[in-house]
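Now for the letters of each chain:
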Amino acid sequence: DAGVTQSPTHLIKTRGQQVTLRCSPKSGHDTVSWYQQALGQGPQFIFQYYEEEERQRGNFPDRFSGHQFPNYSSELNVNALLLGDSALYLCASSPGWTGPQDTQYFGPGTRLTVL
Amino acid sequence: AQKVTQAQTEISVVEKEDVTLDCVYETRDTTYYLFWYKQPPSGELVFLIRRNSFDEQNEISGRYSWNFQKSTSSFNFTITASQVVDSAVYFCALTLTSGTYKYIFGTGTRLKVLA
């Protein structure tokens, strides 16, 4: 039973560029959440996707956008990259049907470095 | 607003010592869930435990135990007879049962277990 997978593992971009990160949820899960984890900090919620819709969004600018596909996989897009966007981006999946308290299972993350 | 505080930034212990990681949370809601996750150097957040606000029973799982005290808004995690493999960053997180789907994480405690 595959867990949450993310690609790529590492990514280096320059300021102003755009980036797309990908996530495949754990088998049987239909909900995907994205978090940003800066060095030495806890993960910060970016948004959650359920039934191909953004269900909730955290305090992140519109430069951060996402998408969920019919197979429940998801993409996180960041436009006009800033140095401050350098972080570990974590994807988490959950069953979705038991409510907000679903246990979220995390992937290994994508380490984004913006130069 | 909700908040999770992990005041211990870093703890070092010698192998076989017991260690307790502190977590204090803030919420005005009466129903909520608390979590602990382990983040090894690989970066993936590994789920350890979920506890709902109505269940104040302490839990033990092997060398791990958790002490939940609503009176002090604390959910502490104890590792008995620590091992080098326990070295990681540990995060405490909080979510509510309605109105939100995001997890609120503390800043984490880095545990170093020395051989």
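Definitions and limits used
- Residues numbered from 1 in each chain as written.
- Chains lettered and ligands numbered in written order.
- Predicted model: local features only at pLDDT ≥ 70, side-chain atom pairs only at ≥ 80, totals over all residues.
- Heavy atoms only, no water.
- Helix = DSSP H or I, 4+ residues; strand = E, 2+ residues; numbered from the N terminus.
- Buried < 20%, exposed > 50% of the residue type's maximum accessible area, 1.4 Å probe, protein only.
- Contact = heavy atoms within 4.5 Å.
- Areas by Shrake-Rupley, 256 points an atom, 1.4 Å probe, with all protein chains shown as cover.
- Core = buried A, V, L, I, M, F, W, Y, C linked by side-chain atoms within 4.5 Å.
- Pairing = 2+ DSSP bridges.
- Axes fitted to C-alpha atoms, helices over the stretch in contact; angles between N-to-C directions.
- Disulfide = S-S within 2.5 Å.
- Phe/Tyr/Trp six-rings, centres within 6.5 Å; stacked < 30°, edge-to-face > 60°.
- Lys NZ or Arg CZ within 6 Å of the ring centre and 35° of its normal.

1. Looking at the overall build of chain A
Looking only at helices and strands, chain A has 0 helices and 11 strands in total. Secondary structure of chain A in N-to-C order comes out as β-β-β-β-β-β-β-β-β-β-β. Seen along its three principal axes, the alpha-carbon backbone of chain A occupies a region of about 40 × 25 × 25 Å. Counting every position in chain A, which comprises 115 residues, the buried fraction comes to 52%. For chain A, contacts bridging at least 24 residues in sequence account for 53% of all contacts bridging at least 6. Accessible surface, chain A: about 5,200 Å² in total, of which carbon and sulfur atoms supply 50%.

2. Some details on the nonpolar core
By size, the foremost hydrophobic cluster in this structure holds 25 residues, and its most contacted members are W36(B), F77(B), Y90(B) and L111(B). Broken down by element, the residue count for this core peaks at 5 residues, all from strand β10 (residues 88–96) of chain B. In contact with F77(B), not counting residues within four places along its chain, are V19(B), T20(B), L21(B), W36(B), L48(B), Y64(B), S65(B), W66(B) and Y90(B). Listed in part, the 20 residues of the second largest apolar core include V4(A), V19(A), C23(A) and Y49(A).

3. Quick notes on the sheet that holds strand β8 (residues 74–78) of chain A
Residue and element names in this part refer to chain A. One open sheet accounts for 4 strands, arranged β1-β3-β8-β7; its pairing is antiparallel. This sheet does not close on itself; its edge strands, each paired only once, are β1 (5–7) and β7 (64–68). Going across the sheet, the axis of each strand differs from the next one's by a mean of 20 degrees, ignoring polarity.

4. Quick look at the pairing of strand β5 (residues 44–50) of chain A
Residues and elements named next belong to chain A. Counting buried positions along β5 yields 5 of 7 residues, so the element is predominantly enclosed. The pairing of strand β4 (residues 31–37) with β5 spans 6 bridges and is antiparallel. The residue bridging W34 from the neighbouring strand is F47, located in β5. The turn linking β4 back onto β5 is made up of 6 residues, and G40 within it adopts a positive phi angle of 80 degrees. In this sheet, strand β6 (residues 53–57) lies alongside β5 in antiparallel orientation, the contact comprising 4 bridges. Across the sheet, residue Y50 finds its bridge partner in β6, namely E53. Remark: 2 residues form the turn of the hairpin made by β5 and β6, two consecutive strands paired antiparallel; E51 in that turn has positive phi of roughly 50 degrees.

5. A short note on the state of the cysteines
Residues and elements named next belong to chain B. One pass over the structure, following the stated rule, counts 2 disulfides over all chains. Two residues share a disulfide in this structure: C23 and C92, whose sulfurs sit 2.0 Å from each other. Judged by the sign of its S-S torsion, about -65 degrees, the cystine formed by C23 and C92 is left-handed. Of this pair, C23 sits in the loop between β3 (19–21) and β4 (24–26) while C92 sits in strand β10, and the two are 69 residues apart along the sequence. Of the two residues examined, C23 and C92, each falls in the buried class.

6. Comments concerning the packing of aromatic side chains
Applying the stated rule across the entire model yields 23 aromatic pairs over all chains. Ring geometry for Y103(B) against F105(B): centres 6.2 Å apart, planes inclined by 45 degrees, an arrangement best described as tilted. For the residue pair Y103(B) and F105(B), the accessibility class agrees, reading buried in each case. Clustering of aromatic rings is evident, with ring pairs tying together Y35(A), F45(A), Y105(A), F106(A), F35(B), Y37(B), F47(B), F91(B), Y103(B) and F105(B). The cationic tip of K26(A) hangs over the ring face of Y105(A); the distance from NZ or CZ to the ring centre is 5.6 Å. Note that R55(A) overlies the ring of Y101(B), its terminal NZ or CZ placed 3.7 Å from the centroid.

7. Concerning unusual backbone geometry
Excluding glycine, residues mostly have negative phi values, and the peptide bonds linking residues are mostly trans. In the segment running from S7(A) into P8(A), the intervening peptide bond is cis, with an omega of -10 degrees. Tracing the sequence through the fold places P8(A) in the loop between β1 and β2 (10–13). Despite not being glycine, A80(A) shows a phi value in the positive range, around 45 degrees. Position of A80(A) among the secondary structure elements: in the loop between β8 and β9 (87–94). Positive phi is not limited to glycine here, since K16(B) has a value of about 85 degrees. Looking at where K16(B) falls in the secondary structure, it is placed in the loop between β2 (10–14) and β3.

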